[in-house]
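# Inside the fold
Take a look at the letters that make up each chain.
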Amino acid sequence: MEITLDSPLDMHLHLRDGDMLKLTAPLSADFAGAVIMPNLVPPITTPDKMAAYSGRIREAMGDSPFTRYMTLFFTPQTEATLKCIRNTPEFFGFKLYPAGITTNSEGGIAHMDDADSTLRMMEEMDIPLLVHGESHGFVMDRETEFLAVYRDLATRYPKLRISMEHITTAAALELLDEFENLCATVTLQHLIITLDDVAGGALNPHLFCKPIAKRPGDRDALLQAALNGHPRLMFGSDSAPHPLHRKECCGCAAGVFTAPLALPRLAALFAEHHALGKLQDFVSGNACRIFGLAPVSKQVTLTDTPMHVPASYRSFGQQVVPMYAGQDIAWSIKKA
Ligand code: DOR
Ligand code: ZN
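Residues numbered from 1 in each chain as written. Chains lettered and ligands numbered in written order. Predicted model: local features only at pLDDT ≥ 70, side-chain atom pairs only at ≥ 80, totals over all residues. Heavy atoms only, no water.

### Some remarks on the coordination of the zinc ion (ligand 2)
- Distances from the zinc ion (ligand 2) to its protein donors, His12 (NE2), His14 (NE2) and Asp238 (OD), fall at 2.0 to 2.1 Å.
- Mapped onto the polypeptide sequence, the residues donating to the zinc ion (ligand 2) form the spacing pattern H-x1-H-x223-D. Pair noted here: histidine 14 is in the loop between strand S2 (9-13) and helix H1 (18-24) and aspartate 238 is in the loop between strand S9 (233-235) and helix H10 (244-247), with a separation of 224 residues, a long-range link.
- Under the relative-accessibility criterion, histidine 14 is labelled buried at 8%. (Donors = N, O, S within 2.8 Å, 3.2 Å for Na, K, Ca; no water. Helix = DSSP H or I, 4+ residues; strand = E, 2+ residues; numbered from the N terminus. Buried < 20%, exposed > 50% of the residue type's maximum accessible area, 1.4 Å probe, protein only.)

### A look at helix H6 (residues 170-178)
- Burial in H6 covers these residues: Ala172, Leu173, Leu175 and Leu176. Down the axis of H6, the buried side of the element spans an arc of 160°, and every buried residue falls inside it. Opposite the buried face of H6, by more than 90 degrees, sit the exposed residues Glu174 and Asp177.
- Where H6 is buried, its residues meet helix H5 (142-156), strand S7 (162-164), strand S8 (182-186) and helix H9 (216-227). (Arc of directions from axis to C-beta. Contact = heavy atoms within 4.5 Å.)

### Quick look at the pattern of salt bridges
- Tallied over the entire structure, the rule returns 14 salt bridges.
- We note a salt bridge from lysine 22 to aspartate 19, for which the minimum N-O separation is 3.5 Å. Pair noted here: lysine 22 and aspartate 19 are both in helix H1, with a separation of three residues, about one helical turn.
- Overall, the relative accessible area of 39% leaves lysine 22 in the partly exposed class. (Salt bridge = Lys/Arg side-chain N within 4 Å of Asp/Glu carboxyl O.)

### Details of the nonpolar core
- Of all hydrophobic cores here, the largest spans 98 residues; its most connected members are Met164, Leu191, Phe270, Leu279 and Phe282.
- Excluding residues within four positions of it along the chain, leucine 191 makes contact with Val186, Arg219, Leu222, Leu223, Ala226, Leu266, Leu269 and Phe282.
- One finds Met37, Met234, Ile290 and Phe291 within the second-largest nonpolar core, a separate group that totals 17 residues. (Core = buried A, V, L, I, M, F, W, Y, C linked by side-chain atoms within 4.5 Å.)

### Some thoughts on the packing of aromatic side chains
- Under the criterion given, the structure shown has ten aromatic pairs.
- When the ring of phenylalanine 91 is compared with that of phenylalanine 94, the centres are 5.6 Å apart and the planes differ by 75°; the resulting orientation is edge-to-face. Just as phenylalanine 91 is buried, phenylalanine 94 falls in that class too.
- Taken together, a centroid distance of 5.0 Å and an interplanar angle of 80° make the contact between phenylalanine 146 and tyrosine 150 edge-to-face. Within this pair, phenylalanine 146 and its partner tyrosine 150 are both found in helix H5, separated by four residues, close to a single helical turn.
- Looking at phenylalanine 146, the relative accessible area reads 5%, which means it is buried.
- Judged by relative accessible area, tyrosine 150 falls into the buried class, the value being 1%. (Phe/Tyr/Trp six-rings, centres within 6.5 Å; stacked < 30°, edge-to-face > 60°.)

Encoded structure:
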(Lines give C-alpha, C1' and ligand atoms only; values in the text may rest on other atoms or scores of the structure.)
(Ligands and ions follow the chains in the order given, each with its own letter.)
Protein backbone atom coordinates (compact mmCIF):
# COMPACT_ATOMS: atom_id res chain seq x y z
CA MET A 1 0.00 0.00 0.00
CA GLU A 2 1.14 3.55 -0.67
CA ILE A 3 -0.03 7.11 -0.26
CA THR A 4 1.43 10.25 -1.77
CA LEU A 5 0.99 13.38 0.30
CA ASP A 6 1.04 16.81 -1.20
CA SER A 7 3.14 19.33 0.74
CA PRO A 8 2.81 17.94 4.27
CA LEU A 9 3.15 20.56 7.01
CA ASP A 10 4.20 20.39 10.63
CA MET A 11 2.20 23.14 12.31
CA HIS A 12 4.27 23.14 15.56
CA LEU A 13 7.98 22.41 15.45
CA HIS A 14 11.00 23.09 17.67
CA LEU A 15 14.25 23.16 15.72
CA ARG A 16 16.44 24.91 18.34
CA ASP A 17 19.60 26.74 17.26
CA GLY A 18 23.33 26.25 16.72
CA ASP A 19 24.58 22.67 16.42
CA MET A 20 21.23 21.26 17.51
CA LEU A 21 19.54 23.12 14.64
CA LYS A 22 22.09 21.66 12.24
CA LEU A 23 21.14 18.20 13.45
CA THR A 24 17.36 18.67 13.57
CA ALA A 25 16.62 20.74 10.45
CA PRO A 26 17.47 18.03 7.88
CA LEU A 27 15.38 15.57 9.90
CA SER A 28 12.25 17.65 9.16
CA ALA A 29 13.11 18.06 5.48
CA ASP A 30 10.45 15.64 4.22
CA PHE A 31 7.88 18.23 5.26
CA ALA A 32 7.14 21.07 2.87
CA GLY A 33 7.23 23.50 5.75
CA ALA A 34 6.61 24.04 9.42
CA VAL A 35 5.49 26.56 12.01
CA ILE A 36 8.69 27.22 13.95
CA MET A 37 8.52 27.80 17.70
CA PRO A 38 10.28 30.84 19.17
CA ASN A 39 11.24 29.57 22.65
CA LEU A 40 14.99 29.80 22.18
CA VAL A 41 17.28 31.15 24.90
CA PRO A 42 16.65 34.09 24.77
CA PRO A 43 13.29 33.79 22.97
CA ILE A 44 12.63 35.27 19.53
CA THR A 45 10.86 38.52 20.40
CA THR A 46 11.73 40.93 17.57
CA PRO A 47 11.38 40.89 13.77
CA ASP A 48 15.16 41.20 13.41
CA LYS A 49 15.85 38.18 15.58
CA MET A 50 13.16 36.29 13.71
CA ALA A 51 14.63 37.09 10.30
CA ALA A 52 18.11 36.07 11.48
CA TYR A 53 16.79 32.80 12.93
CA SER A 54 14.86 32.09 9.75
CA GLY A 55 18.09 32.54 7.79
CA ARG A 56 19.94 30.08 10.04
CA ILE A 57 17.14 27.54 9.50
CA ARG A 58 17.33 28.01 5.72
CA GLU A 59 21.06 27.37 5.88
CA ALA A 60 20.64 24.30 8.10
CA MET A 61 18.04 22.85 5.71
CA GLY A 62 20.64 22.76 2.93
CA ASP A 63 19.17 22.14 -0.52
CA SER A 64 15.74 21.14 0.73
CA PRO A 65 12.99 23.59 -0.20
CA PHE A 66 11.11 24.22 3.02
CA THR A 67 8.64 26.97 3.88
CA ARG A 68 9.43 28.54 7.22
CA TYR A 69 6.36 29.86 9.04
CA MET A 70 8.09 31.88 11.75
CA THR A 71 6.54 32.82 15.07
CA LEU A 72 7.39 35.50 17.59
CA PHE A 73 7.28 34.91 21.33
CA PHE A 74 4.25 36.91 22.47
CA THR A 75 5.02 40.07 24.39
CA PRO A 76 2.86 43.23 24.39
CA GLN A 77 3.42 45.17 21.14
CA THR A 78 2.75 48.64 19.78
CA GLU A 79 0.62 49.21 16.69
CA ALA A 80 3.66 50.40 14.73
CA THR A 81 5.61 47.22 15.49
CA LEU A 82 2.67 45.01 14.62
CA LYS A 83 2.22 46.78 11.30
CA CYS A 84 5.87 46.22 10.51
CA ILE A 85 5.86 42.57 11.63
CA ARG A 86 2.72 41.79 9.65
CA ASN A 87 4.54 42.67 6.45
CA THR A 88 7.62 40.61 7.25
CA PRO A 89 7.87 37.68 4.87
CA GLU A 90 7.80 34.34 6.71
CA PHE A 91 6.01 35.77 9.76
CA PHE A 92 3.12 33.51 10.74
CA GLY A 93 1.89 34.60 14.14
CA PHE A 94 2.56 35.06 17.84
CA LYS A 95 3.06 32.18 20.26
CA LEU A 96 1.72 33.00 23.70
CA TYR A 97 3.12 31.16 26.68
CA PRO A 98 1.78 31.64 30.21
CA ALA A 99 4.87 32.74 32.18
CA GLY A 100 6.99 29.79 33.35
CA ILE A 101 4.66 27.10 32.01
CA THR A 102 7.24 25.15 29.99
CA THR A 103 10.75 25.15 28.50
CA ASN A 104 12.15 28.72 28.20
CA SER A 105 8.82 30.44 28.86
CA GLU A 106 9.85 32.56 31.85
CA GLY A 107 9.24 35.74 29.84
CA GLY A 108 5.67 34.73 28.98
CA ILE A 109 2.42 36.37 30.03
CA ALA A 110 1.62 36.40 33.75
CA HIS A 111 -1.75 38.18 33.48
CA MET A 112 -3.88 37.83 30.36
CA ASP A 113 -5.12 41.41 30.73
CA ASP A 114 -1.59 42.56 29.85
CA ALA A 115 -2.17 41.04 26.41
CA ASP A 116 -5.49 42.78 25.72
CA SER A 117 -4.48 45.75 23.58
CA THR A 118 -2.08 43.66 21.50
CA LEU A 119 -4.72 40.98 20.95
CA ARG A 120 -7.21 43.61 19.82
CA MET A 121 -4.76 44.91 17.24
CA MET A 122 -3.87 41.38 16.14
CA GLU A 123 -7.56 40.71 15.63
CA GLU A 124 -7.84 43.85 13.47
CA MET A 125 -4.75 42.97 11.47
CA ASP A 126 -5.65 39.28 11.16
CA ILE A 127 -2.48 38.04 12.86
CA PRO A 128 -2.91 34.50 14.24
CA LEU A 129 -2.43 33.73 17.93
CA LEU A 130 -0.95 30.38 18.95
CA VAL A 131 -1.32 29.45 22.59
CA HIS A 132 0.33 27.02 24.97
CA GLY A 133 -2.84 26.39 26.93
CA GLU A 134 -1.97 25.20 30.43
CA SER A 135 -2.65 26.61 33.88
CA HIS A 136 -0.25 26.27 36.82
CA GLY A 137 -2.59 23.78 38.50
CA PHE A 138 -2.31 20.02 39.07
CA VAL A 139 -0.45 18.57 36.09
CA MET A 140 -3.31 16.38 34.81
CA ASP A 141 -5.79 19.27 35.03
CA ARG A 142 -3.71 22.07 33.54
CA GLU A 143 -5.23 21.98 30.08
CA THR A 144 -8.82 21.67 31.26
CA GLU A 145 -8.29 24.54 33.69
CA PHE A 146 -6.99 26.67 30.84
CA LEU A 147 -10.08 26.07 28.70
CA ALA A 148 -11.81 28.97 30.48
CA VAL A 149 -9.06 31.25 29.15
CA TYR A 150 -9.54 29.92 25.61
CA ARG A 151 -13.28 30.47 25.95
CA ASP A 152 -12.68 34.01 27.08
CA LEU A 153 -10.24 34.72 24.24
CA ALA A 154 -12.56 33.22 21.61
CA THR A 155 -15.45 35.31 22.93
CA ARG A 156 -13.62 38.60 23.44
CA TYR A 157 -11.82 38.49 20.10
CA PRO A 158 -14.29 36.80 17.75
CA LYS A 159 -12.27 37.54 14.60
CA LEU A 160 -8.90 36.53 16.06
CA ARG A 161 -7.71 33.18 14.71
CA ILE A 162 -6.64 31.25 17.79
CA SER A 163 -4.75 27.98 17.63
CA MET A 164 -4.95 25.78 20.70
CA GLU A 165 -1.54 24.19 20.51
CA HIS A 166 -0.92 20.50 21.20
CA ILE A 167 -4.30 19.68 22.71
CA THR A 168 -4.39 16.55 24.85
CA THR A 169 -7.95 16.21 26.17
CA ALA A 170 -11.45 15.34 25.02
CA ALA A 171 -12.60 18.52 26.76
CA ALA A 172 -10.41 20.66 24.49
CA LEU A 173 -12.03 19.03 21.45
CA GLU A 174 -15.45 19.92 22.80
CA LEU A 175 -14.43 23.56 23.15
CA LEU A 176 -13.01 23.51 19.63
CA ASP A 177 -16.45 22.59 18.35
CA GLU A 178 -18.03 25.54 20.16
CA PHE A 179 -16.06 28.36 18.52
CA GLU A 180 -15.44 28.87 14.81
CA ASN A 181 -12.42 31.07 15.53
CA LEU A 182 -10.62 28.26 17.36
CA CYS A 183 -8.46 25.68 15.65
CA ALA A 184 -6.06 23.20 17.22
CA THR A 185 -2.91 21.21 16.66
CA VAL A 186 -2.32 17.74 18.00
CA THR A 187 0.96 15.83 18.23
CA LEU A 188 1.77 12.30 17.11
CA GLN A 189 2.39 11.11 20.66
CA HIS A 190 -0.92 12.41 22.00
CA LEU A 191 -2.77 10.35 19.36
CA ILE A 192 -1.01 7.20 20.58
CA ILE A 193 0.16 7.23 24.19
CA THR A 194 -1.34 7.84 27.63
CA LEU A 195 0.25 8.72 30.96
CA ASP A 196 0.75 4.98 31.47
CA ASP A 197 3.30 4.91 28.65
CA VAL A 198 5.22 7.72 30.34
CA ALA A 199 5.07 6.70 33.98
CA GLY A 200 2.81 3.65 34.40
CA GLY A 201 5.70 1.19 34.37
CA ALA A 202 9.39 1.97 34.13
CA LEU A 203 9.64 5.74 33.68
CA ASN A 204 10.20 6.70 30.04
CA PRO A 205 11.80 10.16 29.92
CA HIS A 206 11.66 10.20 26.12
CA LEU A 207 7.85 10.30 26.27
CA PHE A 208 7.75 13.07 28.87
CA CYS A 209 6.42 16.30 27.41
CA LYS A 210 4.17 19.23 28.26
CA PRO A 211 1.25 18.98 28.23
CA ILE A 212 1.74 15.51 29.68
CA ALA A 213 -0.07 12.61 27.98
CA LYS A 214 -3.48 12.06 29.56
CA ARG A 215 -6.09 9.32 29.96
CA PRO A 216 -7.10 6.62 27.45
CA GLY A 217 -10.44 8.40 26.88
CA ASP A 218 -8.62 11.61 25.94
CA ARG A 219 -6.21 9.83 23.60
CA ASP A 220 -9.09 7.96 21.97
CA ALA A 221 -11.13 11.14 21.43
CA LEU A 222 -8.16 12.93 19.83
CA LEU A 223 -7.44 9.97 17.56
CA GLN A 224 -11.08 9.69 16.49
CA ALA A 225 -11.22 13.41 15.69
CA ALA A 226 -8.07 13.11 13.53
CA LEU A 227 -9.25 9.93 11.80
CA ASN A 228 -12.68 11.44 11.15
CA GLY A 229 -11.07 14.44 9.47
CA HIS A 230 -12.04 17.16 11.95
CA PRO A 231 -11.76 20.26 9.75
CA ARG A 232 -10.08 22.46 12.38
CA LEU A 233 -7.63 19.90 13.75
CA MET A 234 -4.11 20.03 12.28
CA PHE A 235 -0.98 18.00 12.71
CA GLY A 236 1.67 19.79 14.78
CA SER A 237 4.38 17.42 15.97
CA ASP A 238 5.70 19.58 18.82
CA SER A 239 8.84 17.62 18.07
CA ALA A 240 11.04 19.01 20.84
CA PRO A 241 14.63 17.74 20.81
CA HIS A 242 16.76 17.85 23.93
CA PRO A 243 20.28 16.45 24.23
CA LEU A 244 20.35 12.90 25.59
CA HIS A 245 21.96 14.05 28.84
CA ARG A 246 19.04 16.46 29.45
CA LYS A 247 16.50 13.63 29.04
CA GLU A 248 18.21 10.70 30.76
CA CYS A 249 18.82 12.49 34.05
CA CYS A 250 17.16 13.73 37.19
CA GLY A 251 15.19 16.83 36.17
CA CYS A 252 14.40 15.50 32.69
CA ALA A 253 13.51 18.21 30.17
CA ALA A 254 10.02 18.07 28.62
CA GLY A 255 9.78 17.20 24.94
CA VAL A 256 9.37 14.21 22.62
CA PHE A 257 11.51 14.08 19.49
CA THR A 258 9.36 12.74 16.65
CA ALA A 259 10.24 14.76 13.54
CA PRO A 260 12.12 12.06 11.59
CA LEU A 261 9.45 9.40 12.04
CA ALA A 262 6.29 11.48 12.27
CA LEU A 263 5.06 10.99 8.69
CA PRO A 264 5.70 7.21 8.57
CA ARG A 265 4.09 6.68 11.96
CA LEU A 266 1.09 8.83 11.04
CA ALA A 267 0.62 6.86 7.82
CA ALA A 268 0.82 3.58 9.76
CA LEU A 269 -1.68 4.87 12.31
CA PHE A 270 -4.19 6.09 9.72
CA ALA A 271 -3.74 2.87 7.69
CA GLU A 272 -4.36 0.71 10.79
CA HIS A 273 -7.68 2.51 11.18
CA HIS A 274 -8.57 2.46 7.48
CA ALA A 275 -8.47 6.24 7.38
CA LEU A 276 -5.59 6.97 4.99
CA GLY A 277 -8.00 9.08 2.96
CA LYS A 278 -8.11 11.60 5.81
CA LEU A 279 -4.36 12.01 6.19
CA GLN A 280 -3.84 14.70 3.53
CA ASP A 281 -6.20 17.12 5.22
CA PHE A 282 -4.77 16.39 8.65
CA VAL A 283 -1.17 17.03 7.60
CA SER A 284 -1.76 19.92 5.23
CA GLY A 285 -5.21 20.61 3.82
CA ASN A 286 -6.82 21.89 7.01
CA ALA A 287 -3.90 24.19 7.84
CA CYS A 288 -3.73 25.57 4.29
CA ARG A 289 -7.45 26.31 4.32
CA ILE A 290 -7.59 27.83 7.81
CA PHE A 291 -4.53 30.07 7.38
CA GLY A 292 -4.49 30.49 3.59
CA LEU A 293 -1.05 28.89 3.32
CA ALA A 294 0.72 28.02 0.08
CA PRO A 295 3.88 26.08 1.04
CA VAL A 296 6.48 24.92 -1.45
CA SER A 297 5.26 22.03 -3.54
CA LYS A 298 6.65 18.74 -2.26
CA GLN A 299 5.29 15.23 -2.81
CA VAL A 300 6.06 12.60 -0.21
CA THR A 301 5.21 8.97 -0.87
CA LEU A 302 4.72 6.73 2.14
CA THR A 303 4.69 2.98 1.81
CA ASP A 304 3.95 0.03 4.09
CA THR A 305 7.58 -1.10 4.14
CA PRO A 306 9.00 -0.90 7.68
CA MET A 307 11.30 1.87 8.85
CA HIS A 308 13.90 1.16 11.50
CA VAL A 309 14.18 4.04 13.93
CA PRO A 310 17.77 4.52 15.10
CA ALA A 311 18.62 4.37 18.81
CA SER A 312 19.63 8.02 18.53
CA TYR A 313 20.47 10.69 15.99
CA ARG A 314 24.01 12.09 16.31
CA SER A 315 25.89 14.79 14.50
CA PHE A 316 27.63 18.12 15.16
CA GLY A 317 28.45 16.84 18.66
CA GLN A 318 24.73 16.50 19.51
CA GLN A 319 22.83 13.33 20.37
CA VAL A 320 19.03 13.07 20.49
CA VAL A 321 16.86 10.04 21.22
CA PRO A 322 13.66 9.80 19.15
CA MET A 323 10.32 8.24 20.01
CA TYR A 324 10.43 4.54 18.98
CA ALA A 325 14.23 4.50 19.34
CA GLY A 326 15.59 1.15 18.19
CA GLN A 327 12.17 -0.07 17.04
CA ASP A 328 10.50 -0.68 13.68
CA ILE A 329 7.56 1.35 12.39
CA ALA A 330 5.26 -0.35 9.87
CA TRP A 331 5.51 2.41 7.23
CA SER A 332 8.36 4.39 5.75
CA ILE A 333 9.08 7.17 3.29
CA LYS A 334 9.69 5.92 -0.24
CA LYS A 335 12.77 7.59 -1.59
CA ALA A 336 12.81 8.26 -5.32
O1 DOR B 1 7.26 19.18 25.99
C2 DOR B 1 7.45 20.32 25.60
N3 DOR B 1 8.64 20.71 25.11
N4 DOR B 1 6.45 21.21 25.68
C5 DOR B 1 6.63 22.51 25.41
O6 DOR B 1 5.72 23.25 25.52
C7 DOR B 1 7.98 23.02 25.05
C8 DOR B 1 8.78 21.98 24.46
C9 DOR B 1 10.24 22.36 24.37
O10 DOR B 1 10.53 23.46 23.91
O11 DOR B 1 11.09 21.55 24.74
ZN1 ZN C 1 6.05 23.16 21.57
